[in-house]
Amino acid sequence: MQTFAVFFFFHLVFVSSFWEPLQNQQTPQDDSIEIKEANIERLLAAHDDPVQVISLVDPAIAAILDEPRLLDLFGAEPIWMREGDKLRLRKHGVPFIDLTRHKDLFTLTPSSKDKVTEWPPLRHREKINTVIKSLQVQEMMYNLGNLTSFYNRYYLSEHGARSSRWIYNKVLQIIAYAPPNVHLSLETFTHEFPQISVIARFEPSRGRSRPNRAIKLPVVILASHLDSANYDFPLLSAPGADDGGSGTVCILEAFRALVQAGFSPEVPVEFHWYAAEEGGLLGSQDVASEYVYQRKDVAAMFQFDLTAYVHKDVATPTLTFITNNVDTPLTTWTMKLAEEYSSSPVAGAELFPGGISDHLPWHRAGFPVVLATEGDPVRTPNPYIHTAYDQTIVEEGEFSFAHALEFVKVAVGFAVELGGWDE
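Overview of the structure. In this numbering scheme, every chain counts its residues from 1 along its sequence in written order. Selection of residues for local features in this predicted model requires a pLDDT of at least 70, selection of side-chain atom pairs for listing and counting requires 80 or more, and totals for whole chains, interfaces and linings are taken over all residues. Excluding hydrogens and water, the side-chain figures rest on all heavy atoms present in the structure.

1. Comments concerning the overall build of the protein chain
Logical step 1: Strands here mean DSSP runs of E at least two residues long; helices mean DSSP runs of H or I at least four residues long; both are numbered from the N terminus. For the protein chain, the helix and strand inventory stands at twelve helices and 14 strands.
Logical step 2: Going through the 423 residues of the protein chain one by one, you find that 59% of them count as buried. Exposure is judged per residue with a 1.4 Å probe applied to protein chains only, and the accessible area is read against the type maximum: over 50% gives exposed, under 20% gives buried, and values in between give partly exposed.

Shown next as structure tokens:
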């Protein structure tokens, strides 16, 4: 989560039982890393401008920092700046959205613009509670351990590219062990930068489309962002355990449990892991833009961002739902769903001005969205995000997998209650 044209995509779609074995992708923390960090810290002390420092340590990335970018800084009209200015904005805590390739996206009208004011009653309690019993914290710990082993997940770096491929391979492994009656597809959604987004889809039990092609199947989306960022300097360590590792492993565990349970939805249910959220919502904008241009009907989009940190001043962890820049009826319905399927308290809170996540492109495009997070982002924020200290062991507060597990329960409930379960 951030706290403060023509595009070219190559899509690979798989419905397969084969995958490349998961590799140990850990970045060795050897003397060369320590030397590189010391050199960067020395340069940052001598040069306050991160763009100047990147030009000295990574000419390949520096070569693109002069590219023009259209940035929405909130409270003003979008302005043309440069890629390097995004580093300066991040360092000074100024939030932004990079609209360069999608400045016309939000002027378009999705195929289903009618406002939904009433959402369905809960009707799949038995199925959902059975899936919830199969959730495994150990799987979440294992997956987050792998994800945070990458030195950083900066979208322009090799680490960022490899970490997104790890997510793809992990999802493919889950699909490979799916029961034979579960219809699944997996897609790498590529961008103009090295990091990929990953889209896994439960296909409807009765086929991908209806006999009458004029009747479109509404898509239910659950999402998180897979990248991380060190706001002091992007090439430094950024394990991103909470931002956005926690949301990533939450929906990954929900996906795994639903696959193993033989989830057979009545409408498509998709799980999205977005690239480059920290670069200005780049990945989610690319995906949302394609859905708008293809006139796909999105029933609901649920974003999970920061789901594990418990502030030292919080006695009882709370599932918090953001109440601004979201769909109010859907958020209210999802909070009731959370009360049904989670054992944690549920509350609403406003996100401060400029606070953004990957739900925003979908919201601006007119689709119903909901955003859940670990606590009140104003009163009890995680002080470690966007630093090298965003880890599972923190000095103050707690990184709680138990807290994160409650979000997984809600994710399962959301997918099944809105996607349906065809017997």
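2. A closer look at the packing of helix H10 (residues 328-341) against helix H12 (residues 401-419)
Two measures define how a pair of helices packs: the angle their axes make with one another and the distance between the axes.
Logical step 1: Running from amino to carboxyl end, H10 crosses H12 at an angle of 120 degrees, the nearest separation of the two axes being 9 Å. Taken together, H10 and H12 sit at an angle that is classed as oblique. Note that H10 runs across H12; the crossing there is right-handed. Facing Leu330, Trp333, Thr334, Leu337, Ala338 and Tyr341 of H10, the residues of H12 in contact are Lys409, Val410, Gly413, Phe414, Glu417 and Leu418. Lines fitted to C-alpha atoms define the axes here, with helix axes fitted over just the stretch in contact, and angles between the N-to-C directions of these axes take values from 0 to 180 degrees. Our angle categories are set so that under 35 degrees counts as roughly parallel, over 145 as roughly antiparallel, 65 to 115 as roughly perpendicular, and the remainder as oblique. Rotating anticlockwise by less than a right angle from the far helix to the near helix defines a left-handed crossing, while the corresponding clockwise rotation defines a right-handed one. Any pair of residues with heavy atoms lying within 4.5 Å of one another is described as a contacting pair.

3. Considerations on the packing of aromatic side chains
Ring pairs (aromatic) are described by centroid distance and by the angle formed between their planes.
Logical step 1: Working definition: a ring pair exists when centres of Phe, Tyr or Trp rings (six-membered ring for Trp) sit within 6.5 Å. Plane angles under 30 degrees give stacked, over 60 give edge-to-face, the rest tilted. One pass over the structure, following the stated rule, counts 18 aromatic pairs.
Logical step 2: Both rings, one in Phe255 and one in Trp273, keep their centres 6.3 Å apart while their planes meet at 90 degrees; by these two values the pair is edge-to-face. Residue Phe255 is located in helix H8 (residues 241-260), and its partner Trp273 is located in strand E8 (residues 269-274); the two are separated by 18 residues in the primary sequence.
Logical step 3: Relative accessible area serves as the criterion here: at 0%, Trp273 is assigned to the buried category.

4. Considerations on the side chain of Glu203
Logical step 1: Here Glu203 shows up in the loop between strand E6 (197-202) and strand E7 (219-225).
Logical step 2: Polar contacts, as counted here, are pairs of nitrogen or oxygen atoms within 3.5 Å of one another; within protein the pair requires one atom able to donate a hydrogen and one able to accept it, and residues that are adjacent in sequence qualify only if both atoms are side-chain atoms. One polar contact links Glu203 to Arg201, side chain to side chain, over a distance of 2.9 Å.

5. Overview of the sheet that holds strand E3 (residues 79-82)
Logical step 1: For two strands to count as paired, DSSP must find a minimum of two bridges between them. Read across the sheet, three strands follow the order E3-E2-E4 without closing on themselves; strand pairing throughout is antiparallel. Looking along the sheet, the strands with just one partner apiece sit at the ends: E3 and strand E4 (97-98).
Logical step 2: Pairing geometry for strand E2 (residues 68-72) and E3, over four bridges, is antiparallel. Residue pairing across strands places Pro68 opposite Arg82, the latter belonging to E3.
Logical step 3: Sheet strands in contact with helix H4 (residues 83-91) are E2, E3 and E4, and its direction is about 95 degrees off that of E3.

6. Structural notes on H10
Logical step 1: In this model, H10 (14 residues) spans 20 Å end to end at C-alpha, consistent with the 20 Å of a helix rising 1.5 Å per residue.
Logical step 2: Within the span of H10, buried status applies to Leu330, Thr331, Trp333, Thr334, Met335, Leu337, Ala338 and Tyr341.
Logical step 3: The opening residue of H10 is Asp327, an N-cap whose side-chain oxygen sits 2.8 Å from the backbone nitrogen of Leu330. Residue count minus one, scaled by 1.5 Å, sets the expected span of a helix.

7. Quick notes on unusual backbone geometry
Logical step 1: Cis geometry is adopted by the peptide bond preceding Gly244, which originates at Asp243 and carries an omega value of -5 degrees.
Logical step 2: Counting through the fold element by element, Gly244 comes out in helix H8.
Logical step 3: In this model, Ala276 sits at a positive phi of 55 degrees, which is unusual for a non-glycine residue.
Logical step 4: Turning to its location among the elements, Ala276 is positioned in the loop between E8 and helix H9 (282-293).
Logical step 5: Exposure remark for Ala276: the relative accessible area of 0% places this residue in the buried category.
Logical step 6: Residue His386 is not a glycine yet carries a positive backbone phi of 70 degrees.
Logical step 7: Counting through the fold element by element, His386 comes out in the loop between strand E13 (369-373) and strand E14 (398-399).

8. Details of the nonpolar core
Logical step 1: To qualify as a nonpolar core, a set must consist of buried Ala, Val, Leu, Ile, Met, Phe, Trp, Tyr and Cys residues joined through side-chain atoms within 4.5 Å. Judged by nonpolar contacts, the single largest core of 72 residues is most densely connected at Phe202, Phe255, Phe271, Trp273, Phe321 and Phe414.
Logical step 2: If one sorts the elements of this core by residue count, H12 sits on top with twelve residues.
Logical step 3: Contacts of Phe271, omitting those with residues within four sequence positions, involve Val198, Ile199, Ala200, Phe202, Leu222, Ile251, Ala254, Phe255 and Leu258.
Logical step 4: Counting residues in hydrophobic clusters, the runner-up holds 24 residues, among them Val219, Val287, Leu306 and Val326.

9. Describing the environment of Ile175
Logical step 1: Tracing the sequence through the fold places Ile175 in helix H7 (residues 158-176).
Logical step 2: Measuring from C-alpha to C-alpha, the distance between Ile175 and Phe255 comes to 9.5 Å, with 80 residues separating the pair along the chain.

10. Examining the environment of Val287
Logical step 1: Position of Val287 among the secondary structure elements: in helix H9.
Logical step 2: Residues contacting Val287, with those up to four places away along its chain left out, are Phe189, Ile199, His272, Tyr274 and Trp362.

11. A word on the pattern of salt bridges
Logical step 1: We count a salt bridge whenever a side-chain nitrogen from Lys or Arg sits within 4 Å of a carboxyl oxygen from Asp or Glu. As enumerated under the stated definition, the model contains 20 salt bridges in all.
Logical step 2: The partner of Asp48 in a salt bridge is Lys91, with the nearest N and O atoms 3.4 Å apart. With Asp48 in the loop between helix H1 (31-46) and helix H2 (50-57) and Lys91 in helix H4, the pair connects residues that are 43 residues apart, well separated along the chain.
Logical step 3: In this structure Lys91 comes out as partly exposed when scored by relative accessible area, which is 27%.

12. Quick word on the packing of H2 against H4
Logical step 1: Look at H2 against H4: their axes get within 8 Å of each other, and the N-to-C directions meet at 125 degrees. The pairing of H2 with H4 is recorded here as oblique in orientation. Packed against H2, whose contacting residues are Pro50, Val51 and Ile54, the element H4 presents Gly84, Leu87, Arg88 and Lys91 at the interface.
Logical step 2: When the residues that make up the contact of H2 with H4 are grouped by side-chain class, the tally is four nonpolar, one polar and two charged. Residue classes follow a fixed rule: Ala, Val, Leu, Ile, Met, Phe, Trp, Tyr, Cys and Pro count as nonpolar, while Asp, Glu, Lys and Arg count as charged, and any other residue, Gly among them, counts as polar.

13. Regarding H4
Logical step 1: With respect to burial, H4 is a largely interior element, seven of its nine residues being buried.
Logical step 2: Of the residues making up H4, those classed as buried are Glu83, Gly84, Asp85, Lys86, Leu87, Leu89 and Arg90.

The quantities given are spatial measurements derived from coordinates; they are silent on function.
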